[in-house]
Amino acid sequence: MKGLGAMVLSEYANESNLDMLKVLKIILLHDIVEIDAGDTYAYGNANLLDKVEKEKKAADRIFGLLPHDQANQFMDIWNEYEDGETAEAKFAQAMDSFMPILHNYKTNGLQWQRLGATREKVLSRNRRIESGSKFLWNYIEGIVNDAVEKAI
């Protein structure tokens with residue numbers, strides 16, 4: 001879904017000349033590693049160092065199954081996401097945060113309520129959206145505020 005979201009919403013990226021193939025590669029490789037390592041609930045009290053270590057081990061294991069040149073290429077792309085410095089990585093990170101918030105909002109805050117996520121936690125944890133898309137960040141602020149007003 002994040003890849004599709006990136007394709008549909010690419011016009012709202014801060015950078016107008018994104019390499020969308022690179023964005024899609026970043027999203028796919030990030031998600032494959034996260035699936036293997038186990039996703040961490042964004043608003044919980046997970047140890048971020050443990051998360052980073054688990055994901056690094058997963059990336060090493062998965063990419064280590066590939067031929068050396070391809071493994072290096074995939075690791076470079078995965079690290080690009082983790083470093084979050086390029087326009088493509090920033091937009092991929094924005095999609096990684098944007099899509100779950102949109103999903104939570106459209107399901108009347110089911111996960112937020114079930115797990116006790118506050119407005120402050122949602123906004124502070126997802127502020128990186130702004131680095132990839134100021135437009136989408138403004139949208140997120142609006143729907144989060146609307147969710148709070150509606151008590152969803």
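Check the entry above for the structure.
Overview of the structure. (Residues numbered from 1 in each chain as written. Predicted model: local features only at pLDDT ≥ 70, side-chain atom pairs only at ≥ 80, totals over all residues. Heavy atoms only, no water.)

## Examining unusual backbone geometry
Move 1: The backbone of asparagine 108 sits at a positive phi, close to 55°, despite the residue not being glycine.
Move 2: Inspection of the secondary structure assignment puts asparagine 108 in the loop between helix H5 (87-106) and helix H6 (110-115).
Move 3: A positive phi angle, near 55°, is found at alanine 151, a position not held by glycine.
Move 4: Note on alanine 151: relative accessible area 63%, which makes it exposed. (Helix = DSSP H or I, 4+ residues; strand = E, 2+ residues; numbered from the N terminus. Buried < 20%, exposed > 50% of the residue type's maximum accessible area, 1.4 Å probe, protein only.)

## A look at the layout of surface pockets
Move 1: By volume, the second largest pocket is sized at about 150 Å³.
Move 2: Lining the second largest pocket are Met1, Lys2, Gly3, Ile27, Leu28, Asp31, Met99 and Pro100.
Move 3: Those elements that place two or more of their residues in the lining of the second largest pocket are helix H1 (2-9), helix H2 (20-37) and H5.
Move 4: The dominant element in the lining of the second largest pocket, judged by the number of residues it contributes, is H2, at three residues.
Move 5: Considered class by class, the residues forming the lining of the second largest pocket number five nonpolar, one polar and two charged. (1 Å grid on protein atoms, 1.4 Å probe; cavity = no way out; pocket = protein on both sides within 12 Å on 5 of 7 lines; lining within 4 Å. Points joined across faces, edges and corners; volume = space filled by probe spheres on them. Nonpolar A, V, L, I, M, F, W, Y, C, P; charged D, E, K, R; others polar.)

## Things to note about the nonpolar core
Move 1: Phe63, Ile101, Trp112 and Ile140 are the most contacted members of the largest nonpolar core, which totals 39 residues.
Move 2: Counting only elements with at least two residues in this core, the list comes to H1, H2, helix H3 (48-63), helix H4 (68-83), H5, helix H7 (119-125) and helix H9 (134-149).
Move 3: If you tally residues by element for this core, the top one is H5, at eight residues.
Move 4: In this structure isoleucine 101 touches Tyr43, Trp112, Val122, Asn126, Ile129, Ile140, Ile143 and Val144, once residues within four positions along its chain are discounted. (Core = buried A, V, L, I, M, F, W, Y, C linked by side-chain atoms within 4.5 Å. Contact = heavy atoms within 4.5 Å.)

## Some points on the packing of aromatic side chains
Move 1: Here the structure, examined in full by the defined rule, presents three aromatic pairs.
Move 2: Summarising the aromatic geometry, the rings of tyrosine 12 and phenylalanine 135 are spaced 4.2 Å apart at their centres and angled 10° between planes, so their arrangement reads as stacked. Of the two residues, tyrosine 12 is situated in the loop between H1 and H2 and phenylalanine 135 in helix H9; the sequence distance between them amounts to 123 residues.
Move 3: For phenylalanine 135, a relative accessible area of 48% puts it in the partly exposed group. (Phe/Tyr/Trp six-rings, centres within 6.5 Å; stacked < 30°, edge-to-face > 60°.)

## So, H9
Move 1: The first and last C-alpha atoms of H9 sit 23 Å apart over 16 residues, in line with the 22 Å expected at 1.5 Å per residue.
Move 2: All buried positions along H9 are accounted for by Leu136, Trp137, Ile140, Ile143, Val144 and Ala147. Projected onto a plane normal to the axis of H9, the buried residues spread over an arc of 130° and lie on a single side.
Move 3: Buried residues belonging to H9 abut H1, H5, H6, H7 and helix H8 (129-132).
Move 4: Backbone geometry just downstream of H9 places alanine 151 in the positive-phi region, at approximately 55°. (Expected span 1.5 Å × (residues − 1). Arc of directions from axis to C-beta.)

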